[in-house]
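# Understanding the architecture of this molecule
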Amino acid sequence: MDPLLPPLDHEELYVRRGPRSGLPTIVAVHSTVLGPALGGCRMWSYDDPTLAARDALRLSRAMTYKAACADQPLGGGKGVIALPPGVRPTGRLRRDALLDFGETVEQLGGRYVTAEDVGVGSRDMPVIAETTRSVTGLATSRGGSGDPSPFTALGIEAAIRTTCAELFGTGSLEGRTIAVIGLGNVGSRLARRLARAGARLLLADVEPSKRALAERLGASWTTPGRALTARVDLLAPCALGGILDETTVPRLRCRGIAGAANNQLANDAVAALLAARGILWAPDFVINAGGIVNIAVEFEPGGYDAAIARRRVRAIGGTLAEIFAAARERRITPLAAAVERGELRLAAAQAGRAAVARG
Ligand SMILES: NC(=O)c1ccc[n+]([C@@H]2O[C@H](COP(=O)([O-])OP(=O)(O)OC[C@H]3O[C@@H](n4cnc5c(N)ncnc54)[C@H](O)[C@@H]3O)[C@@H](O)[C@H]2O)c1
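Residues numbered from 1 in each chain as written. Predicted model: local features only at pLDDT ≥ 70, side-chain atom pairs only at ≥ 80, totals over all residues.

## Quick look at the nonpolar core
Val180 and Ala236 are the most contacted members of the largest nonpolar core, which has 111 residues in total. Residues in contact with Ala236, not counting those within four places in the same chain, are Ile156, Ile160, Ile178, Ala179, Val180, Leu190, Ala258 and Gly259. (Core = buried A, V, L, I, M, F, W, Y, C linked by C-beta atoms within 7 Å. Buried ≥ 20, exposed ≤ 12 C-beta atoms within 10 Å, placed from the backbone. Contact = placed C-beta atoms within 7 Å.)

What follows is the structure in C-alpha cells.
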C-alpha cells in the first residue's frame, strides 16, 4: 500500500470488484461512533486502484470530523468507483458501475450511507438506489433532500457573517468587499446571496462564460489569480482545494477567508502562517457542512423537511463563532480549535458507548 496513507484508524475498508462492470468499487468507513458513516461516491480515474483506496481512506476520515463539528448524528465514510485512466463511463458501463457500487454499499448493512460526489450526479443516484437502500440525496419528489448546493451556500453565507462579526464587530454584509473564486453550483448561489445582502463583489472563475453572472449582479470580474491577492475584506474560495500554501499566503491582502472549497490548506501548517499574518481562516470542513446537515434531515422520523434543514444549516454560523472564541481564548488556530471540537465530541460518544457496553 501507499506509504503516504493516513493513520489507519478506520473501522472498515471494503474493496469489491463489480461483477457487471469489472471495476473496483471501494467503501471506507472511518467511524460510526456518532452514527452511520455518510459520504459521497466519487467516480474518478486513477493510475492505480490502490490510489483510489487511499482517497477513500483519506476522505472518509475528513467526513468524520465534518459531521462531528456540525453536531450531526453521522459518522464518516466515502465510496469510490475506480476508473482506469482516460475512461469516462456512459450508457451501459455507467449503469453497471453504479449498480455494482450500490450492491457493495448494501453489503455494509447500513453502516455506510452514500451520496453524490465528484463524477456522480443527481441522475446517478436513482440507479444506485436500485441495488441499495443506503442512499441519500434523491430528488425531493422521491422523499430525498435533493441538490445539496443551495444549503452549502446558505451555510457559507452564515459563516461569512460570523467571520465579519469576529473581524469587524458586525455581521452585516452591507458594503463589505468580498472576492468569490469559483462560480459553480455553490459559488454562484453564494454570490447571489451576498449581492442581495449588500456586499460589493469581486468574482472570478476559469470559465469565461461565468462573467455574465458578474454583470447580472453588478459585480466586478477578474482572473482567479488576481482575486486571490485582491485587497478585500473577505475571500471566499469556492473552486478547488489547495489554494492556500507557503507561496500564496504571503501575497494575500484580505482580512479573512471563508469559502466552500474542500481542503483549502495545502497542509495543516498553513493554518499557522495565516494566523501569523493576522488573517482569520474559517475552517472549510466546519463551514461547508450545509450539504450533510441537509442530508441528515432525511433520517428524521418525520422524513425530510427543507425548513428544518435551513434552520440547522444557519446554525453553522454559531458553531463557527464558538470555534473562533475557543481559538482566541486559548491562542490556537481556528483549525486546531475545530479539530479539538470534533475529537471531544467523538471521545464523549465513545465513552458513552463503553459505558453502555459495561452495563
Ligand atoms: N456542492 C456542494 O454542496 C459542496 C459541499 C461541500 C463542499 N463543496 C466544495 O465546494 C467547492 C465547489 O463545489 P461546487 O459544487 O460548486 O463545484 P462546481 O464544480 O459546480 O463548481 C466549481 C467552479 O469552479 C470553477 N473553477 C475550477 N477551477 C478553478 C480555478 N482554478 N479557479 C477558479 N475557478 C475554478 C469551475 O469553472 C466551476 O465554475 C468544491 O471544492 C467542493 O468540493 C461543495
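Back to the text.
## Here we look at the site of the ligand
Around the ligand, the structure places 25 residues, and the nearest of them are Thr152, Gly182, Gly184, Pro224 and Ala239. No other element matches the 3 residues that helix α5 (residues 185-196) contributes to the shell around the ligand. (Near = placed C-beta within 6 Å. Helix = DSSP H or I, 4+ residues; strand = E, 2+ residues; numbered from the N terminus.)

## Here's the deal with helix α1 (residues 49-69)
Under the 1.5 Å per step criterion, the end-to-end length of α1 is 31 Å for 21 residues, consistent within 8% with the ideal 30 Å. The buried fraction of α1 is high, at 15 of 21 residues. A positive backbone phi angle near 55° is found at Asp71, which sits one or two residues after α1. (Expected span 1.5 Å × (residues − 1).)

## Remarks on the sheet that holds strand β8 (residues 220-222)
Taken in spatial order, the 6 strands make up an open sheet running β8-β7-β6-β9-β10-β11, and their pairing is parallel. Strand pairing shows two members of the sheet lacking a second neighbour, β8 and β11 (280-281), which therefore form its edges. When strand β10 (residues 256-257) meets β11, the two strands line up parallel, connected through 2 bridges. In the sheet register, Gly256 faces β11, and the bridge partner there is Leu280. Sitting on the sheet, helix α4 (residues 149-168) touches β9 (234-237), β10 and β11, and the angle it makes with β9 is about 155°. (Pairing = 2+ DSSP bridges. Axes fitted to C-alpha atoms, helices over the stretch in contact; angles between N-to-C directions.)

## Regarding unusual backbone geometry
With a phi angle near 55°, Asp71 is a residue other than glycine that sits in the positive phi range. Tracing the backbone shows Asp71 in the loop between α1 and β4 (75-83). If you check the backbone angles, Arg331 has positive phi at about 55° while not being a glycine. In this structure, Arg331 sits in the loop between α12 (316-330) and α13 (334-358). Taking the number of C-beta atoms within 10 Å as the measure of exposure, Arg331 has 8 and is therefore exposed.

## Re the UniProt feature "binding site: NAD(+)" (unreviewed entry) in the chain
In this numbering, the UniProt entry assigns the feature "binding site: NAD(+)" (unreviewed entry) to Gly182, Leu183, Gly184, Asn185, Val186 and Gly187. Structurally, Val186 can be placed in helix α5. Val186 gets classed as buried once you count the C-beta atoms within 10 Å, which come to 28. Not counting the four nearest positions on each side in its chain, Val186 is found in contact with Ser149, Thr152, Ala153, Ile156, Cys238 and Ala260. (UniProt positions renumbered as here; feature names shortened; annotations may be inferred.)

## Some words on the UniProt feature "active site" (unreviewed entry) in the chain
Mapped onto the present numbering, the UniProt feature "active site" (unreviewed entry) falls at Lys78. Position of Lys78 relative to the elements: it lies in strand β4. Among the residues examined, Lys78 registers 28 C-beta atoms within 10 Å and is labelled buried. Not counting residues up to four positions away in its chain, the partners in contact with Lys78 are Ala28, Gly39, Gly40, Ala56, Leu59, Ser60 and Met63.

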